[in-house]
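What follows is each chain in one-letter form.
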Amino acid sequence: MRARAADYDRDNVFPEADLEDLRAAGYLAILVPEALGGAGLSLVQAAELQQRLAGAAPATALAVNMHLVWTGVAKVLSDRGIEALRFVQEGAAAGEVFAFGISEAGNDLVLFGSDTDAAPQDDGGYAFTGTKIFTSLAPVWTQLGLHGLDTTSPDAPQMVYAFVPRSDAVRMRDDWDTLGMRGTQSRTTELHGAVAPPERVVRRIAPGPNPDPIVFGIFSVFEILLASVYTGIARRALDVAVDTAARRTSKRTGRTYGQDPDIRWRIADMALAYDALPPQIAAIARDVDERADHGPRWFSLLSGLKHRAVTAAKQIVDEAVLVAGGSSYFASSELSRLYRDVLAGLFHPSDPESAHSTVATAWLGPLEP
């Protein structure tokens, strides 16, 4: 997959061969119980695998991350006695691909609100009309997990979480031409009355901050697996920097750059930042697996984890570029691609502003009116 990553990036196409390899290996069902045909792995184990995959092919890892989020949410709910997403587990084991349709342009409420209209149908289903952005896996998904706002039911307003299949009512723009993470093909998705049948309507909850299990499931798995992807990029950049320092020779001293005190300090600084990340991910993921009770601190712990991973990964890639020197400025350099790919982490929830606000509220309480 590492050998193919540069081609997918250059051609701005989806990594079809990577997906087929992952499907054949059972990767789409790593979080599905063995009894349902999956590998039965924990969230801790899935996070470790995503770090490895991201070190080889960041865009592939980020794309499949969105599928794994839904299988992870299904696991979180099932572990807590809620089987509403069993069809996701069974579908993943059968090779289905689930995409993540939550992000909307300008909607900083994210899980707590939606500009997508969810119109109730007579049979209990919902028709969704609106626009979702950053819809990874756009060319290949079979089911789109999404949310919308029901404003017409007697108990309205209600946030509705559901899954819609591909149909003529779902139109994807071919608009993914980005700086990095090009292989994810996270295109804009237009919903024109896309119908989720009643058996695919999985949750109706009040808008706004909500401790409902589906909100916790999405937020926890999303943040942990995102942190894993960017940690994997950081590890790869560190490995490339170490290899480069061992190969480059100084004309001035005749020794490798690995013997240069300044380069050694720079690589040590990268390693110090990297070494803090995998244990944090494992600890938080284990707490989700074991149903630890962090109460209202959960959201600050999760958003903080993602923020630290992305910030550290960006710093590490920056340092790796400096170690490698001018060669990394060429588009053919792996570090050049990693430099662009790591920037995508800035745009995923929780963004820096949201993370700091969440943590400040956890420690200082809410802002006074």
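From a predicted model like this one, the values you see are computed outputs, not experimental measurements.

Draft legend 1. Local environment of the layout of surface pockets. The computed volume of the second largest pocket comes to approximately 180 Å³. Around the second largest pocket, the lining residues are Arg-2, Ala-6, Asp-9, Arg-10, Ala-331, Ser-332, Ser-333, Glu-334, Arg-337 and Arg-340. Only helix H1 (2-11) and helix H10 (334-342) provide two or more residues apiece to the lining of the second largest pocket. When residues of the lining of the second largest pocket are assigned to their parent elements, the largest contribution, four residues, is made by H1.

Draft legend 2. Representation of the packing of helix H6 (residues 213-247) against helix H9 (residues 298-324) in the model. As a packed pair, H6 and H9 sit with axes 8 Å apart at the nearest point and diverge in direction by 20°. When the axes of H6 and H9 are compared, the pair comes out roughly parallel. Here H6 and H9 pass one another in a crossing that is left-handed. A breakdown of the residues in the contact of H6 with H9 according to their chemical character gives 25 nonpolar, four polar and two charged.

Draft legend 3. Molecular detail of the pattern of salt bridges. The full count for this structure, using the stated rule, is 20 salt bridges. Across the pair Arg-182 and Asp-177 runs a salt bridge, and its minimum N-O distance is 3.0 Å. Taking relative accessible area as the criterion, Arg-182 reaches 13% and is therefore assigned buried. Linked by salt bridges that have partners in common, Arg-4, Asp-18 and Asp-21 make up one network.

Draft legend 4. Fine view of the side chain of Arg-236. Among the secondary structure elements, Arg-236 is positioned in helix H6. Look at Arg-236 and you get buried, because its relative accessible area is 18%. For Arg-236, the side chain forms a polar contact with the side chain of Glu-334, separated by 2.8 Å. Sequence-distant contacts of Arg-236, that is, excluding residues within four places in its chain, are made with Arg-2, Gly-55, Glu-334 and Leu-338.

What counts, and where the lines are drawn
Residues numbered from 1 in each chain as written. Predicted model: local features only at pLDDT ≥ 70, side-chain atom pairs only at ≥ 80, totals over all residues. Heavy atoms only, no water. 1 Å grid on protein atoms, 1.4 Å probe; cavity = no way out; pocket = protein on both sides within 12 Å on 5 of 7 lines; lining within 4 Å. Points joined across faces, edges and corners; volume = space filled by probe spheres on them. Helix = DSSP H or I, 4+ residues; strand = E, 2+ residues; numbered from the N terminus. Axes fitted to C-alpha atoms, helices over the stretch in contact; angles between N-to-C directions. Parallel < 35°, antiparallel > 145°, perpendicular 65-115°, else oblique. Left-handed = near helix turned anticlockwise from the far one by under 90°. Nonpolar A, V, L, I, M, F, W, Y, C, P; charged D, E, K, R; others polar. Salt bridge = Lys/Arg side-chain N within 4 Å of Asp/Glu carboxyl O. Buried < 20%, exposed > 50% of the residue type's maximum accessible area, 1.4 Å probe, protein only. Polar contact = N/O pair within 3.5 Å; in protein donor to acceptor, adjacent residues only side chain to side chain. Contact = heavy atoms within 4.5 Å.

Structural measurements only, silent on function.
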